[in-house]
Amino acid sequence: MAKFSYTATDAQNTVIKGKTDLPDRQAVIAALTKQNLRPISIKQLKETKSSFDFNNLFASTKVKQDHLVAFTRQLSAMVSAGVPLLRSLTSIQKHAEDKALQKILGDVVKDVEGGMPLGDALAKHPDTFNDIYVNMVRAGEAAGILDEILKRLAGQLEKASAMRKKIKSAMTYPMVLLGITILAFFGLMLFVVPQIGKILQDLGGPDAELPMITKIMLGVSGFIVGYWYIVFPVLIGIIVGITFYVKKSPKGRRMFDTLALKVPAVNGIVRKVCVARFSRTFSALMGAGVAVLEALDVTSRAVGNVLYEETLQQAAIEVKNGKSLSSVIETSDLFPSIVSQMLAVGEETGQTDTVLIKVADFYEEEVDLSIDGISSIIEPVMIVVMGGMVGLIAASVMMPIAGLSQNIK
């Protein structure tokens with residue numbers, strides 16, 4: 001919401017009025033002066049409580065990745081064609097399909113109109129424009145190659161989105177199977193096994209000797225039926241608690257990331273994803289002209305794993321002390337030797353960004369192959385688990401029935 005309204009005149013003494021949400025009067029005056037406007041009056045606006053809008057209740061505040069890529073492509077094309085930045089932003093904002101993006105661009109247009117650099121205006125919306133995006137835009141503005149940087153950014157976003165979709169798609173099927181397995185287990189325990197217990201008791205009487213597996217199954221079923229109002233809240237609480245601990249607690253996140261790098265079959269994919277993210281992000285920032293130390297700091301937070309983040313932050317300290325990045329990376333167990341070798345080549349030739357793009361492409365292909373491989377393994381494993389659960393219940397039913405039939409003979 002705008003904090004100040006202003007009235008100013010230009011060189012032709014034309015009166016111009018507008019609003020801005022710059023933090024103080026001095027910032028407004030500086031912005032107007034930068035635009036060759038002479039301020040006449042600047043008034044601070046009172047904050048008013050916005051009325052409740054039922055439509056906003058269900059409106060999404062998250063900008064979809066596809067819409068962000070489209071915005072970046074459009075802005076790059078318009079700036080490259082010589083359209084002024086403010087006019088480009090205004091045009092894209094008016095025709096944006098995503099309501100959340102349209103609202104954010106409205107704020108960005110006001111900031112840029114007030115004299116704020118585009119990078120600083122985007123930085124005010126970190127949920128949509130992350131550190132990588134903002135730093136690359138700032139570097140593009142400083143070097144006068146904003147259109148080229150935006151084009152590079154769009155490619156970076158598309159690659160990241162494609163990898164995210166691939167991983168999500170691979171995880172969907174096993175998660176659905178796991179959910180069906182859990183529902184089937186509780187469904188059998190709540191509704192099927194108690195009926196089977198009654199049938200066995202009717203056939204063999206209260207003193208009938210049942211196999212151990214049947215006793216265990218009936219005991220588990222009886223506990224769930226008798227205490228379902230405790231069992232389900234406790235299970236939900238445990239799941240929510242673990243999720244919250246992993247996402248919000250630094251210690252929990254570190255434990256999860258450490259475990260992800262040690263679990264067989266999963267650790268290989270996690271390492272390849274982290275290396276691919278590092279290579280592509282660091283390459284994009286270096287290609288945009290961002291300083292090495294700043295690029296390492298931003299990249300460390302974009303990799304998505306605490307252990308890699310700490311390694312890259314430590315690497316930044318050693319690079320600051322005079323070491324080459326390739327020699328620092330070479331000593332880490334988290335990065336394969338090809339990364340340090342390619343970095344060394346890039347440092348010698350001055351083409352670090354070009355070399356790392358090839359590394360990123362290679363590891364992204366490796367991730368695709370690994371995900372396809374593990375997906376083909378997960379399906380039969382989950383089917384075996386479901387079949388084993390049903391078979392266990394069937395065995396707990398058939399064994400006592402067979403025993404009772406022998407007693408009848």
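Everything that follows concerns the structure shown earlier in this document.
The text that follows walks through the structure, step by step, so that each part is easy to find. Owing to the predicted nature of the structure, the values given are computational and were not obtained by experimental measurement.

**A look at the overall build of the protein chain**
If you tally the helices and strands in the protein chain, you get 17 helices and three strands. In terms of overall dimensions, the protein chain is more spread out than a globule: its C-alpha atoms have a radius of gyration of 30 Å, far above the 22 Å expected for 409 residues. Taken over the C-alpha atoms alone, the protein chain extends approximately 110 × 60 × 35 Å along its principal axes. By the burial criterion, 36% of the 409 residues in the protein chain qualify as buried. Long-range contacts, defined here as pairs at least 24 residues apart, represent 62% of the contacts in the protein chain between residues at least 6 apart. Carbon together with sulfur atoms contributes 61% to the accessible area of the protein chain, which is approximately 24000 Å² in total. Charge centroids of the protein chain, computed over 43 positive and 39 negative side chains, lie 7 Å from each other.

**A few points about the packing of aromatic side chains**
The way to describe two aromatic rings as a pair is by their centre distance and the angle between their planes. In this structure the tally under the stated criterion is eleven aromatic pairs. Each ring, one from W228 and one from Y229, has its centre 5.9 Å from the other, and the planes form 85°; the classification is edge-to-face. Since its relative accessible area comes to 48%, W228 is described here as partly exposed. Residue Y229 is classed as partly exposed on the basis of its relative accessible area, which comes to 45%. Through successive ring pairs, a cluster of aromatic residues spans F223, Y227, W228 and Y229.

**What about the pattern of salt bridges?**
Within this structure, the stated rule accounts for 13 salt bridges. One salt bridge in this structure joins D353 and R152, with 3.9 Å as the shortest N-O distance. Separated by 201 residues along the polypeptide, D353 in helix α17 (residues 352-408) and R152 in helix α8 (residues 146-204) bring together distant segments of the chain. Residue R152 is classed as partly exposed on the basis of its relative accessible area of 26%. Salt bridges linked by common partners bring D131, D297 and R301 together as one network.

**Some points on a positive patch on the surface**
On the surface, K62, R164, K168 and R277 cluster together into a patch of positive charge. Here K168 is to be found in helix α8. Classification of K168 as exposed rests on a relative accessible area of 57%.

**Focus on the sheet that holds strand β2 (residues 15-20)**
Ordered by their spatial adjacency, three strands build an open sheet running β2-β1-β3, and the pairing between neighbours is antiparallel. This sheet does not close on itself; its edge strands, each paired only once, are β2 and β3 (38-44). Each neighbouring strand pair of the sheet contributes to a mean axis angle of 20°, computed without reference to strand direction. Both strand β1 (residues 4-9) and β2 contribute to a ladder of six bridges, which runs antiparallel. Within β2, the position partnered with S5 by the bridge is K19. Against the sheet, helix α1 (residues 25-34) makes contact with β1, β2 and β3, and its axis sits at roughly 150° relative to β3, the strand it touches most.

**Quick notes on the nonpolar core**
A general trend in soluble globular proteins is that nonpolar side chains are found buried together. With 78 residues, the main nonpolar core has F71, L118, Y133, F335 and V339 as its most contacted residues. Top contributing element to this core by residue count: helix α12 (residues 266-287), with ten residues. The contacts of F71, once residues within four sequence positions are left out, are L89, I92, L101, L105, F129 and Y133. Formed by nine residues, the second largest nonpolar core is a distinct cluster that contains M189, V193, I224 and M389.

**With respect to helix α11 (residues 250-260)**
Taken together, the buried positions of α11 are G252, D257 and A260. Buried positions in α11, seen along its axis, are confined to an arc of 130° and lie on one side of it. Structural note: α11 exposes P250, K251 and L259 on the side pointing more than 90 degrees away from its buried face. Buried residues in α11 make contact with α10 (228-248), α12 and α14 (306-320).

**Considering the packing of α11 against α14**
The geometry of α11 relative to α14 is characterised by a closest axis approach of 8 Å and an angle of 100° between their N-to-C directions. Viewed along their axes, α11 and α14 adopt a mutual orientation that is roughly perpendicular. Each of R253, R254, D257 and T258 in α11 lies in contact with α14, whose residues at this interface are V306, L307, E309 and E310. Counted by class, the contact of α11 with α14 contains two nonpolar, one polar and five charged residues.

**Considerations on the packing of helix α4 (residues 85-95) against helix α5 (residues 99-113)**
When two helices pack together, their arrangement is given by the angle between their axes and by how far apart the axes lie. Axis separation between α4 and α5 bottoms out at 9 Å; the angle between their running directions is 160°. Judged by the angle between their axes, α4 and α5 are roughly antiparallel. As for the relative orientation of α4 and α5, their crossing is left-handed in sense. Two secondary-structure elements touch here, α4 through L85, L86, L89, T90, I92, Q93 and K94 and α5 through Q102, L105, G106, V108, V109, V112 and E113. When its residues are assigned to classes, the contact of α4 with α5 shows eight nonpolar, four polar and two charged.

Rules of the game
Residues numbered from 1 in each chain as written. Predicted model: local features only at pLDDT ≥ 70, side-chain atom pairs only at ≥ 80, totals over all residues. Heavy atoms only, no water. Helix = DSSP H or I, 4+ residues; strand = E, 2+ residues; numbered from the N terminus. Rg over C-alpha atoms; globule rule 2.2 N^0.38 Å. Buried < 20%, exposed > 50% of the residue type's maximum accessible area, 1.4 Å probe, protein only. Contact = heavy atoms within 4.5 Å. Areas by Shrake-Rupley, 256 points an atom, 1.4 Å probe, with all protein chains shown as cover. Lys, Arg positive; Asp, Glu negative; His and termini not counted. Charge placed at Lys NZ, Arg CZ, Asp CG, Glu CD. Phe/Tyr/Trp six-rings, centres within 6.5 Å; stacked < 30°, edge-to-face > 60°. Salt bridge = Lys/Arg side-chain N within 4 Å of Asp/Glu carboxyl O. Patch = residues over 30% accessible without salt bridge, like charges linked within 9 Å, V, L, I, M, F, W, Y side chains within 5 Å. Pairing = 2+ DSSP bridges. Axes fitted to C-alpha atoms, helices over the stretch in contact; angles between N-to-C directions. Core = buried A, V, L, I, M, F, W, Y, C linked by side-chain atoms within 4.5 Å. Arc of directions from axis to C-beta. Parallel < 35°, antiparallel > 145°, perpendicular 65-115°, else oblique. Nonpolar A, V, L, I, M, F, W, Y, C, P; charged D, E, K, R; others polar. Left-handed = near helix turned anticlockwise from the far one by under 90°.

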